[in-house]
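Report on the structure
One letter stands for each residue in the lines below.
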Amino acid sequence: MTARLLDGKVMARLIRDEVATEATELLARGVKPGLAVVLLGEDPASQVYVRSKGNACQEAGMHSETIRLPAETTEAELLAVIDRLNADPQIHGMLVQLPLPRAINSDAVLRRIDPAKDVDGFHPVNVGKLVIGDPTAFKPATPYGVQEMLIRSGIDTKGMHAVIVGRSNIVGRPMANLLIQDGPGGNATVTVCHSRSRDLPSITRLADLLIVAIGRPNFVTADMVKPGAVVIDVGINRVDDAAAPKGYRIVGDVEFGPVSEVASAITPVPGGVGQMTIALLLKNTLQAARQASGGAAG
Ligand code: NDP
């Protein structure tokens with residue numbers, strides 16, 4: 001079997017166009033959705049992500065602010081920046097690019113963000129709302145992107161056994177919460193695995209839908225996948241490759257070639273889930289602007 005390719009580029013483009021259209025409609029009502037991204041330090045990967053977020057915002061007709069702070073910024077200084085953005089009516093959504101330098105308590109920072117502007121969905125208020133199925137919750141963009149990919153690809157998760165490998169607060173846990181909700185892209189039976197799960201392959205082989213987010217290159221091999229399963233690879237890993245122009249390649253957590261012979265559908269890396277994340281961040285910013293201006297969620 002050769003799996004159907006779930007193309008994140010195409011789907012992300014669609015979502016970004018939809019967001020741009022809705023942003024124009026909001027603008028006509030006097031509201032310009034605004035996103036602020038705070039970046040500490042010079043981490044090259046973070047710089048790239050932050051630049052992409054700013055560009056995507058502007059392309060969608062949104063207001064965008066990037067606040068670049070030196071790596072030695074203190075926690076108190078960072079909290080003061082967040083307070084300022086919390087009070088700024090032009091800013092509907094904000095996020096602090098992770099990871100933060102070790103001297104800063106990330107939890108304290110994430111909790112300082114006004115939950116109504118927390119478009120990453122990492123504040124405990126939004127985590128709680130997501131768990132209870134409150135539609136005003138901001139869904140963390142990566143698992144939200146996976147859910148949208150499934151819905152837009154016509155993959156009905158209802159009644160599926162979804163196995164998620166990885167239990168981080170950014171991907172695995174919110175993914176599980178989304179998949180057990182009652183509604184489109186939900187109603188799955190969910191198993192969450194992690195590094196202490198016993199006999200992982202015997203669990204992954206039960207999956208109708210296998211979602212992998214562990215950060216281990218090519219970890220999931222074909223023998224770990226049930227024939228016909230839908231496989232979503234969230235992993236983004238750099239592996240050395242002397243033949244590649246940059247000296248490295250980006251691969252996922254799934255061994256793409258052999259697994260695509262077993263699965264019915266699969267996401268590539270790159271070009272899969274990674275493409276969706278920014279699109280859903282924009283959608284969350286739109287949701288924040290709409291909620292702030294008294295409109296409905298969504
Ligand atoms: P974390 O490091 O926070 O979490 C990794 C999870 O995987 C943990 O729960 C860990 O278990 C589990 N794990 C690690 N090794 C194994 C193993 N051998 N068997 C079973 N479980 C294991 O990572 P993230 O969730 O932040 O990211 C995961 C991957 O997704 C990374 O490659 C990251 O780059 C990528 N990513 C991609 C995004 C995108 O936009 N596409 C966005 C965010 C992340 P335990 O809890 O027991 O330690």
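Located above this text is the structure these notes cover.
A brief report on the enclosed structure follows.

Each value, and the rule that gives it
- Residues numbered from 1 in each chain as written.
- Predicted model: local features only at pLDDT ≥ 70, side-chain atom pairs only at ≥ 80, totals over all residues.
- Heavy atoms only, no water.
- Helix = DSSP H or I, 4+ residues; strand = E, 2+ residues; numbered from the N terminus.
- Rg over C-alpha atoms; globule rule 2.2 N^0.38 Å.
- Buried < 20%, exposed > 50% of the residue type's maximum accessible area, 1.4 Å probe, protein only.
- Contact = heavy atoms within 4.5 Å.
- Areas by Shrake-Rupley, 256 points an atom, 1.4 Å probe, with all protein chains shown as cover.
- Lys, Arg positive; Asp, Glu negative; His and termini not counted.
- Charge placed at Lys NZ, Arg CZ, Asp CG, Glu CD.
- Core = buried A, V, L, I, M, F, W, Y, C linked by side-chain atoms within 4.5 Å.
- Pairing = 2+ DSSP bridges.
- Right-handed = clockwise from strand over helix to strand, strands pointing away.
- Axes fitted to C-alpha atoms, helices over the stretch in contact; angles between N-to-C directions.
- Parallel < 35°, antiparallel > 145°, perpendicular 65-115°, else oblique.
- Nonpolar A, V, L, I, M, F, W, Y, C, P; charged D, E, K, R; others polar.
- Near = heavy atom within 4 Å.
- Polar contact = N/O pair within 3.5 Å; in protein donor to acceptor, adjacent residues only side chain to side chain.

**Topic: the overall build of the protein chain**
A tally of helices and strands in the protein chain yields 10 helices and 11 strands. In terms of overall dimensions, the protein chain is globule-like: its C-alpha atoms have a radius of gyration of 19 Å, near the 19 Å expected for 298 residues. Looking at the protein chain as a whole, 50% of its 298 residues qualify as buried. Of all intrachain contacts in the protein chain linking residues separated by at least 6 positions in sequence, the fraction that spans at least 24 positions is 69%. Roughly 13,500 Å² of accessible area belongs to the protein chain as shown, and the carbon and sulfur atoms make up 54% of that amount. Charged side chains in the protein chain number 30 positive and 31 negative. The centres of these two groups are separated by 1 Å.

**A closer look at the nonpolar core**
Within the largest apolar cluster, 51 residues are counted, with the highest numbers of intra-cluster contacts made by Leu209, Ile211, Val230 and Ile232. Ranked by the residues each element gives to this core, the list is headed by helix α10 (residues 273-292), at 10 residues. Every residue in contact with Ile211, bar those within four places of it in the chain, is listed here: Val146, Val163, Ile164, Val165, Met175, Leu179, Ile232 and Val234. Among the nonpolar cores identified, the runner-up in size contains 19 residues, and Leu200, Ala229, Val231 and Ala263 belong to it.

**A few points about the pairing of strand β2 (residues 34-40)**
Most of β2 is tucked away, with 7 of its 7 residues classed as buried. Residue alternation in β2 divides its side chains into two sets, Gly34, Ala36, Val38 and Leu40 and Leu35, Val37 and Leu39, and both sets are buried. Inspection of the sheet shows β2 paired to strand β3 (residues 63-69) by 7 bridges, in the parallel sense. Bridging from a neighbouring strand, Val38 pairs with Ile67 of β3. For the handedness criterion, the β-α-β arrangement of β2, helix α2 (residues 44-59) and β3 is classed as right-handed. The pairing of β2 with strand β4 (residues 93-96) spans 4 bridges and is classified as parallel. Across the sheet, residue Leu35 finds its bridge partner in β4, namely Gly93.

**A look at the packing of helix α6 (residues 141-152) against α10**
Relative to each other, α6 and α10 sit at 105°, their axes nearing to 8 Å. On the basis of their axis angle, the class for α6 and α10 is roughly perpendicular. In this structure, α6 contributes Ala141, Thr142, Tyr144, Gly145, Val146, Glu148 and Met149 to the contact, and α10 contributes Val273, Met276, Thr277, Leu280, Leu281, Lys283 and Asn284. For the contact of α6 with α10, the class distribution of residues is 8 nonpolar, 4 polar and 2 charged.

**A short note on the site of the ligand**
Around the ligand there are 21 residues in total, and Arg167, Ser168, Ser195, Ile236 and Thr277 lie nearest to it. Arg167 is positioned such that a nitrogen or oxygen atom in its side chain is 2.7 Å from an oxygen atom of the ligand. When isolated, the ligand has an accessible area of 930 Å², and the protein chains bury 71% of it. Across the shell around the ligand, the residue classes break down as 9 nonpolar, 10 polar and 2 charged.

**Notes on the side chain of His123**
Mapped onto the elements, His123 comes out in the loop between α4 (106-112) and α5 (124-132). Overall, the relative accessible area of 9% leaves His123 in the buried class. From its side chain, His123 meets the backbone oxygen of Arg111 in a polar contact 3.2 Å long. Here His123 is in contact with Leu110, Arg111, Ile113, Pro115 and Asp118, once residues within four sequence places are set aside.

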